[in-house]
Amino acid sequence: MPKSTKFPEQYDIIVVGAGHAGCEAALAASRMGQKTLLATINLDSIAQLSCNPAIGGPGKGHLAREIDALGGEMAKIVDKAGIQFRMLNTKKGPAVWAPRAQIDKSAYQNLMRQALDQQPRLSVKQLLVTDLIIHKNKAVGIVTSISLKIYAKAVILTTGTFLNGLIHIGETTCSAGRAGEAASLELPRALARCGLETGRLKTGTSARIHKDSINYKCFIPQKGDNPPQPFSYANIALPTQQECCYLGHTNTKTHQIIKNNLHRSPLYSGKIKGIGVRYCPSIEDKVVKFPHKNRHQIFLEPEGKNSCEIYLNGVSTSLPADVQIKLLHSIEGLERAEIMRFGYGIEYDFIDPTQLKPTLETKSINNLYCAGQINGTTGYEEAAVQGLLAGINASLQLGNKASFVLDRTQGYAGVLVDDLVTKGTREPYRLFTSRVEHRLILRQDNADLRLSGFGYKFGLIEKEKIDKIEKTKQSIAECISLMHKLQEGNSSLAKILKRPGMTYDKIRASGAKLPQLDSAIKTQVEIEIKYEGYIQREKALVQKLKKWEEKILPADFPFQKIRGLKKEAQEKLSVIKPRSVGQAMRISGVTSNDVALVLLALGKREDVAVCRR
């Protein structure tokens, strides 16, 4: 083994990996005053959208807006690099409205790279990290493939799908973290030496085809919203000229081709051992698991304004190349499709996220944080928000300040992290609105009102922005109060607004003396009044549950010594080490009776029969 050389510079925080988690972690840390190094295997692949060229959607759009509210970068770049914007689920209630944008992949990468390069106190270097430097049970640096030892006070791992990454295309396999990029083979051994337990997951991607090889007459145009709504709260409007997507379908001929070649699919031949994404299955899985369906949707999504590549959303596959050609050519409109990149499946290592604290710091090694797909999640947005939270908490730790943990009543990000560290995951985790109990008050439209105070506190939001948000809150409250006071006939304007089909503008047009509001404030007023009863009930429940989140459990609490506590509860509580009674109540296998015994042991005789929503 060559002798290692100590790198002359020392950092406060080293971030390993420059995907969406790594970029947000590095930016947050450096903006909070930490001298930060972002180490990546390939400088040309920073912030790459490895799968579909889109950000947002149900749950994911909420996360992107929460990232923006906390002072992250993703939403700002989406507004600059977006080529189509849509608000999904608008025919349903506002709790599930979700922004989604098609992205110019190249533009997104370039803009994120600019943000990183221009950020003070942040260095970006092309390095393959092969080992961690651990001293007295604390992460103090990294070792690289060129025998450099680089020291820091904390390390954040955001390795994506690169840990022992293995790509599958039919019978062919190759070691890779992503198509055309080397896997990380030595770092997983370092994690094992740290005592971290790992598992194996699988994800995949679809083929890309040349835009000129498509018969668009066979597809249904899917246009963006007019006018489009920005992702970032800092923006009021966006350019209205947008790219078009298209909707098509597979058919019985396509499905038969797949069925005839299942023996060549690594998913069904037994070659792939990792567990795949439940909510984004491959086309092979769709055909096998939904045999009653004669067709499945396909969306043609452009990868950029100046790109010839079209992403085929809905036909992720790891079938052999020759089968991929046949199945695509069987689809109406794709008879002459020219494949530019073949789809593939990828297996990779992840760590069991119950080994993490709610701050995303590992329990076994101090100052070692993990964020993104290494924690078992899937999706750019889930990764980015974890990176942001890890960067914030590592910075707070180094400054001897209280950690930052959002609970489930405060944001989608809180639900995501709580699910991971409390319940763990055996499959790639994706955040949906259905996972969020308090989604009516945790909407995508009010993330800035909910969370920007934290961003300002950490120095990630400027005072001008927080002042504007406070004025917005005041305007909303004053308008709601006014609508309750003003009468038209025997009804208040607030009651009139609750009527089906009624809007603020219609009431104002009828002659009511109401102020003219910008669209964002108007939306807030309408939602808060129309759903007033439901919102008040939800807030009352949040207050009821809050007391359990505030009952903090000592980090070294001896659960094994509690008399009467069943063995399963002892084991799970001892492993997960919940930070609060509220978290303890959400651990699978821990009952209300178990929690009552914990409270008795704490000397707090209280009734714990609360709603386990």
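Please read all numbers here as calculations on a predicted model, not as lab measurements.

S.K.: Can you lay out the nonpolar core for me, pointing to particular residues and giving the numbers?
M.R.: Counting 104 residues, the largest nonpolar core has I55, Y108 and L157 as its most contacted members. Here this core gets ten residues from one element, more than from any other, and that element is helix α10 (residues 380-398). Core analysis: the next-biggest nonpolar cluster, separate from the first, contains 23 residues, I209, L300, L319 and V323 among them.

S.K.: So what's going on with the packing of helix α12 (residues 447-457) against helix α13 (residues 463-485)? Residues and values would help.
M.R.: Two numbers describe how α12 lies on α13: the axes approach to 10 Å, and their chain directions differ by 150 degrees. The angle between the axes of α12 and α13 places the two elements in the roughly antiparallel class. For the element pair α12 and α13, the recorded crossing hand is left-handed. Contact with α12, carried on its side by D448, L449, S452, G453 and Y456, involves K463, I466, I469, T472, K473 and I476 of α13 and no other residues of that element. By residue class, the composition of the contact of α12 with α13 is five nonpolar, three polar and three charged.

S.K.: Can you lay out the sheet that holds strand β12 (residues 172-175) for me, pointing to particular residues and giving the numbers?
M.R.: Here we have four strands laid out as an open sheet, ordered β12-β11-β20-β13, and antiparallel in their pairing. Strands at the two margins of the open sheet, each flanked by one partner only, are β12 and β13 (198-205). Along the sheet, successive strands turn relative to each other by an average axial angle of 25 degrees, direction set aside. Sheet topology places β13 next to strand β20 (residues 344-351); eight bridges connect them, and they run antiparallel. Note on β20: the bridge partner recorded for G204 is G345.

S.K.: Tell me what's going on with the packing of helix α3 (residues 74-81) against helix α4 (residues 105-117), and back it up with residues and numbers.
M.R.: In contact at an axis separation of 9 Å, α3 and α4 are set at 135 degrees when each is read in the N-to-C sense. One way to sum up the angle between α3 and α4 is to call them oblique. As for how α3 packs across α4, the hand of that crossing is right-handed. Between α3, through M74, I77, V78, K80 and A81, and α4, the contact on the second element is made entirely by A107, Y108, L111 and M112. Residue composition of the contact of α3 with α4, by class: eight nonpolar, no polar and one charged.

S.K.: Go over the sheet that holds strand β18 (residues 309-313) with me, naming the residues and quoting the values.
M.R.: Across the sheet, which stays open at both edges, the six strands sit in the order β15-β16-β17-β18-β14-β19 with antiparallel pairing between neighbours. At either end of the open sheet lies a strand with only one pairing partner, and these are β15 (220-222) and β19 (339-341). Across the sheet, the mean angle separating the axes of adjacent strands is 35 degrees when strand polarity is ignored.

S.K.: Could you give an account of helix α20 (residues 592-601), naming the residues involved and the relevant values?
M.R.: Helical periodicity: at 3.6 residues per turn, an α-helix aligns residues three or four positions apart in one direction. For α20, the complete set of buried residues consists of D594, V595, L597, V598 and L599. Contacts from the buried residues of α20 go to α17 (532-549), α18 (567-576) and α19 (581-585). Immediately beyond the C-terminal end of α20, within one or two residues, lies G603, with a positive phi of roughly 85 degrees.

S.K.: How would you sum up the confidence of the model for the chain? Please name residues and give values.
M.R.: In the predicted model, the chain carries a mean pLDDT of 94, and 98% of its residues have values of at least 70. Counting interchain partners and residues more than four positions distant, the pLDDT-below-50 stretch residues 604-613 has 24 contacts.

S.K.: Account for the side chain of Q84, naming residues and giving values.
M.R.: Looking at the secondary structure, you find Q84 in strand β5 (residues 82-88). What makes Q84 buried here is its relative accessible area of 4%. A distance of 3.0 Å separates a polar atom in the side chain of Q84 from the backbone oxygen of E243. Not counting the four nearest positions on each side in its chain, Q84 is found in contact with R100, A101, Q102, Q222, K223, G224, Q242, E243, C244 and C245.

Rules behind the numbers
- Residues numbered from 1 in each chain as written.
- Predicted model: local features only at pLDDT ≥ 70, side-chain atom pairs only at ≥ 80, totals over all residues.
- Heavy atoms only, no water.
- Core = buried A, V, L, I, M, F, W, Y, C linked by side-chain atoms within 4.5 Å.
- Buried < 20%, exposed > 50% of the residue type's maximum accessible area, 1.4 Å probe, protein only.
- Helix = DSSP H or I, 4+ residues; strand = E, 2+ residues; numbered from the N terminus.
- Axes fitted to C-alpha atoms, helices over the stretch in contact; angles between N-to-C directions.
- Parallel < 35°, antiparallel > 145°, perpendicular 65-115°, else oblique.
- Left-handed = near helix turned anticlockwise from the far one by under 90°.
- Contact = heavy atoms within 4.5 Å.
- Nonpolar A, V, L, I, M, F, W, Y, C, P; charged D, E, K, R; others polar.
- Pairing = 2+ DSSP bridges.
- pLDDT = per-residue confidence, 0-100.
- Polar contact = N/O pair within 3.5 Å; in protein donor to acceptor, adjacent residues only side chain to side chain.

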